[in-house]
Amino acid sequence: MRAPAQTPSGPEPGSRTRIPLWLPWLAAPAFALLPIAGCGLAASVRHADRAQESAPPNVPVSVVATIMPS
């Protein structure tokens, strides 16, 4: 008894879709800008957190000075 012939799974060898040649040229600048964008995002989040903190109430401060005789 012979085993059935197996057909290759996947697309035909000539019908493969290829990545357009210009796609890496568009993706490379995006990778260069990611650290800059990440730092800007982190700074904006940090400033937003500080703005939400409530400031301590205004408490009058008085100076007490003791003068000692020499």
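Just so it is clear, the model here is predicted, and its values are computed rather than measured. (Residues numbered from 1 in each chain as written. Predicted model: local features only at pLDDT ≥ 70, side-chain atom pairs only at ≥ 80, totals over all residues. Heavy atoms only, no water.)

Asks: Hey, could you go over the overall build of the protein for me, with residue numbers and the actual values?
Replies: A tally of regular secondary structure across the protein gives one helix and zero strands. Buried positions account for 0% of the 70 residues belonging to the protein. In the form shown here, the protein has an accessible surface area of approximately 7,600 Å², with 66% of it arising from carbon and sulfur atoms. (Helix = DSSP H or I, 4+ residues; strand = E, 2+ residues; numbered from the N terminus. Buried < 20%, exposed > 50% of the residue type's maximum accessible area, 1.4 Å probe, protein only. Areas by Shrake-Rupley, 256 points an atom, 1.4 Å probe, with all protein chains shown as cover.)

Asks: If you had to explain a nonpolar patch on the surface to someone new, which residues and values would you point to?
Replies: On the surface, Ile 19, Trp 22, Leu 23 and Leu 26 cluster together into a nonpolar patch covering about 460 Å² of accessible area. Positionally, Ile 19 belongs in the segment before α1 (23-52). (Patch = residues over 30% accessible without salt bridge, like charges linked within 9 Å, V, L, I, M, F, W, Y side chains within 5 Å. Salt bridge = Lys/Arg side-chain N within 4 Å of Asp/Glu carboxyl O.)

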